[in-house]
Amino acid sequence: MKIIETELKDVYILEPQVFGDNRGWFMESYNQNAMEEAGLHYEFVQDNQSYSTQKGTLRGLHFQKGEHAQAKIVRCNKGAVMDVAVDMREGSPTYKKWVKVELSEENKRQLLIPRGFLHGFVTLTDEVEFLYKADNFYNKESDRNIAWNDEEIGVDWGIDNPILSEKDKNAPKLSESDIDFKYNVIDYKR
Ligand SMILES: Cc1cn([C@H]2C[C@H](O)[C@@H](COP(=O)(O)OP(=O)(O)O[C@H]3O[C@@H](C)C(=O)[C@@H](O)[C@H]3O)O2)c(=O)[nH]c1=O
């Protein structure tokens, strides 16, 4: 597995090695030892999957507040997405900066997003299957979102009128949010 730095501190692209043969291909989609050797100490406890029917579907920007914050490893199993992470850790050298990475069935790239970040993606194709691991359980009460088009964050999604959930249509702005992440090594590396 190749581990590639991004413009955001602690966010990495993970590129699995793909072994092709006459049948097709094989890859290790996750290997705890490879993560540990790279100094990435996470314990994932929940796997998630979503399906988006149409191109131009946007899910985000999401996070769980406080002690329920989640680190995630995300990937696109079918189709393609533009994936976005936003550093919300006050005091971080990349505070309020965002990064976008294309994740697709074809490139098999994954994105590691620590706790303290917003996460979202927009589908670039129809019929998108999206998979992710989380290092903390879903907690309904701590589930939060911030408007995908918040001007203070200013993500360039490359789309004007995405398909959104009712929840994401009514998301608060960053300035109205109760988000309170602090940059602290132990929060995201345990
Ligand atoms: C995220 C989640 C949702 N649910 C339920 C709640 C709800 O009824 C239904 C759909 O939830 P949502 O509308 O929040 O799904 P979705 O908009 O796909 O939310 C996801 O978006 C991406 C960008 C993320 O990063 C994820 O962490 C998560 O926030 O599934 C769970 O039971 N467990 C979970 O872990």
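Cut-offs applied
- Residues numbered from 1 in each chain as written.
- Predicted model: local features only at pLDDT ≥ 70, side-chain atom pairs only at ≥ 80, totals over all residues.
- Pairing = 2+ DSSP bridges.
- Helix = DSSP H or I, 4+ residues; strand = E, 2+ residues; numbered from the N terminus.
- Axes fitted to C-alpha atoms, helices over the stretch in contact; angles between N-to-C directions.
- Contact = placed C-beta atoms within 7 Å.
- Buried ≥ 20, exposed ≤ 12 C-beta atoms within 10 Å, placed from the backbone.
- Core = buried A, V, L, I, M, F, W, Y, C linked by C-beta atoms within 7 Å.
- UniProt positions renumbered as here; feature names shortened; annotations may be inferred.
- Near = placed C-beta within 6 Å.
- Nonpolar A, V, L, I, M, F, W, Y, C, P; charged D, E, K, R; others polar.

A.B. asks: Whenever I open this one, the sheet that holds strand E2 (residues 12–15) confuses me. Can you help?
C.D. replies: Pairing between the strands of a sheet is mediated by backbone hydrogen bonds and can be parallel or antiparallel. A sheet is described by the order of its strands in space; here 6 strands give the open sequence E1-E2-E10-E7-E12-E5, paired in antiparallel fashion. Every interior strand has two partners, whereas the edge strands, strand E1 (2–5) and strand E5 (46–52), have only one. When the angles between neighbouring strand axes are averaged without regard to direction, this sheet yields 25°. Note that E5 and strand E12 (residues 128–134) share 7 bridges and pair antiparallel. Among the inter-strand pairings, Asn 48 is bridged to a residue of E12, identified as Tyr 132.

A.B. asks: Even after reading the chapter, I still don't get the environment of Tyr 12, so can you show me in this structure?
C.D. replies: Looking at the secondary structure, you find Tyr 12 in strand E2. As a C-alpha pair, Tyr 12 and Ile 159 span 147 residues in sequence and 25 Å in three-dimensional space. Beyond its immediate chain neighbours, meaning those up to four positions away, Tyr 12 contacts Ile 3, Ile 4, Glu 5, Thr 6 and Leu 112.

A.B. asks: Explain the pairing of E2 here, please?
C.D. replies: For a regular strand, side chains alternate in direction, first toward one face of the sheet and then toward the other. The side-chain alternation of E2 yields one buried face, formed by Tyr 12 and Leu 14, and one unburied face, formed by Ile 13 and Glu 15. Between E1 and E2, which pair antiparallel in sequence order, lie 6 residues; one of them, Asp 10, sits at a positive phi of approximately 75°. Across 3 bridges, E2 lies against strand E10 (residues 110–113) in antiparallel orientation. What sits directly across from Tyr 12, in E10, is Leu 112.

A.B. asks: I would appreciate a short explanation of the nonpolar core in the present structure.
C.D. replies: Grouped together as the largest cluster of nonpolar side chains are 38 residues, with contacts concentrated most on Val 81, Ala 85, Val 86 and Ile 113. Those elements that place two or more of their residues in this core are E2, strand E6 (58–64), strand E7 (72–78), strand E8 (80–87), strand E9 (98–104), E10, strand E11 (117–123) and E12.

A.B. asks: It is not clear to me how the UniProt feature "active site" (unreviewed entry) in the protein chain should be interpreted in this structure. Could you clarify?
C.D. replies: UniProt records the feature "active site" (unreviewed entry) for His 62 and Tyr 132 in the present numbering. The greatest C-alpha distance among the residues just named is 13.6 Å, despite their covering 71 residues of sequence, which places them together in space. On the secondary structure map, His 62 appears in strand E6. Once residues lying within four places of it in the same chain are set aside, the contact partners of His 62 are Leu 118, His 119, Gly 120 and Asn 145. Within the secondary structure layout, Tyr 132 lies in strand E12. Residues within four places of Tyr 132 in sequence aside, it is in contact with Asn 48, Lys 72, Ile 73, Val 74 and Arg 75.

A.B. asks: For this particular structure, what's the right way to read the site of the ligand?
C.D. replies: Around the ligand, a shell composed of Asn 48, Ser 50, Arg 59, Gly 60, His 62, His 119, Gly 120, Phe 121, Tyr 138, Ser 165 and Lys 167 is seen. Secondary-structure elements contributing two or more residues to the shell around the ligand are E5, E6 and E11. In terms of residue class, the shell around the ligand is built from 2 nonpolar, 7 polar and 2 charged.

A.B. asks: What is the right way to look at unusual backbone geometry in this model?
C.D. replies: Outside of glycine, negative phi angles account for most residues, and trans bonds account for most peptide bonds. Cis geometry is adopted by the peptide bond preceding Leu 61, which originates at Gly 60 and carries an omega value of -5°. Examined against the element boundaries, Leu 61 turns out to sit in strand E6. The phi dihedral of Lys 96 falls on the positive side, at around 70°, and the residue is not glycine. Within the secondary structure, Lys 96 is located in the loop between E8 and E9. Classification of Lys 96 as partly exposed rests on a count of 14 C-beta atoms within 10 Å. For Lys 108, which is not glycine, the phi torsion reads 55° and is therefore positive. Structurally, Lys 108 is set in the loop between E9 and E10.

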